[in-house]
Amino acid sequence: MPEEDLVELKFRLYDGSDIGPFRYSPASTVAMLKERVVAEWPKDKKISPKAANDVKLISAGKILENNKTVAQCKMPFGELPKGVITMHAVVQPSVAKAKTEKKVDEIPKKNVCSCSIL
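These figures come from a predicted structure and were not determined experimentally. (Residues numbered from 1 in each chain as written. Predicted model: local features only at pLDDT ≥ 70, side-chain atom pairs only at ≥ 80, totals over all residues. Heavy atoms only, no water.)

Taking strand neighbours across the sheet as the criterion, the five strands line up as E2-E1-E5-E3-E4 in an open arrangement whose pairing is mixed. The open sheet has two free edges, formed respectively by strand E2 (18-24) and strand E4 (62-63), since each of these has just one partner strand. Examined bridge by bridge, strand E3 (residues 55-59) and strand E5 (residues 85-91) share four bridges and lie antiparallel to one another. Within the sheet, the bridge partner assigned to Val55 lies in E5 and is Val91. (Pairing = 2+ DSSP bridges. Helix = DSSP H or I, 4+ residues; strand = E, 2+ residues; numbered from the N terminus.)

Where helix H1 (residues 30-40) is concerned, the buried positions are Val30, Leu33, Lys34, Val37 and Val38. Here the buried residues of H1 occupy an arc of 140° about the axis, which is enough to place them on one side. Facing away from the buried side of H1, by more than 90 degrees, are the exposed residues Glu35 and Ala39. Looking at the buried residues of H1, the elements they touch are strand E1 (7-12), E2, E3, helix H2 (70-73) and E5. (Buried < 20%, exposed > 50% of the residue type's maximum accessible area, 1.4 Å probe, protein only. Arc of directions from axis to C-beta. Contact = heavy atoms within 4.5 Å.)

Turning to the packing of aromatic side chains, a few remarks are in order. This model, assessed by the stated rule, comprises two aromatic pairs. Aromatic side chains Phe22 and Tyr24 sit 6.5 Å apart centroid to centroid with 75° between the ring planes, which places their arrangement in the edge-to-face category. Judged by relative accessible area, which is 16%, Phe22 ranks as buried. Judged by its relative accessible area of 8%, Tyr24 falls in the buried class. Over the ring of Phe22 we find Arg36; its NZ or CZ atom is 3.7 Å from the centre of that ring. (Phe/Tyr/Trp six-rings, centres within 6.5 Å; stacked < 30°, edge-to-face > 60°. Lys NZ or Arg CZ within 6 Å of the ring centre and 35° of its normal.)

Quick look at the structure:
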């Protein structure tokens, strides 16, 4: 693939630091980008993803779907001359896991009413 066809991306983390920039083929999927983000995530961060599904990539204010390609996601940036595209990487644990943890933490509460008359 010619060098000029590659898209240069960097990923901005929650604290303002960046991962990248890296060059990707326009045929690369968002799922592949997420896997790279998880692999390159700094180990010293308090919040870190455990899997690619824990990462949400945001570009131009839209959450990107795993099956989309880089070419499909860069549409609003088509006119940028060889610029680095910044995507935001947000850690959001999967919903199924969060629901399971919530159920474990909840202790059934009994409604108890007590009155004291002095």
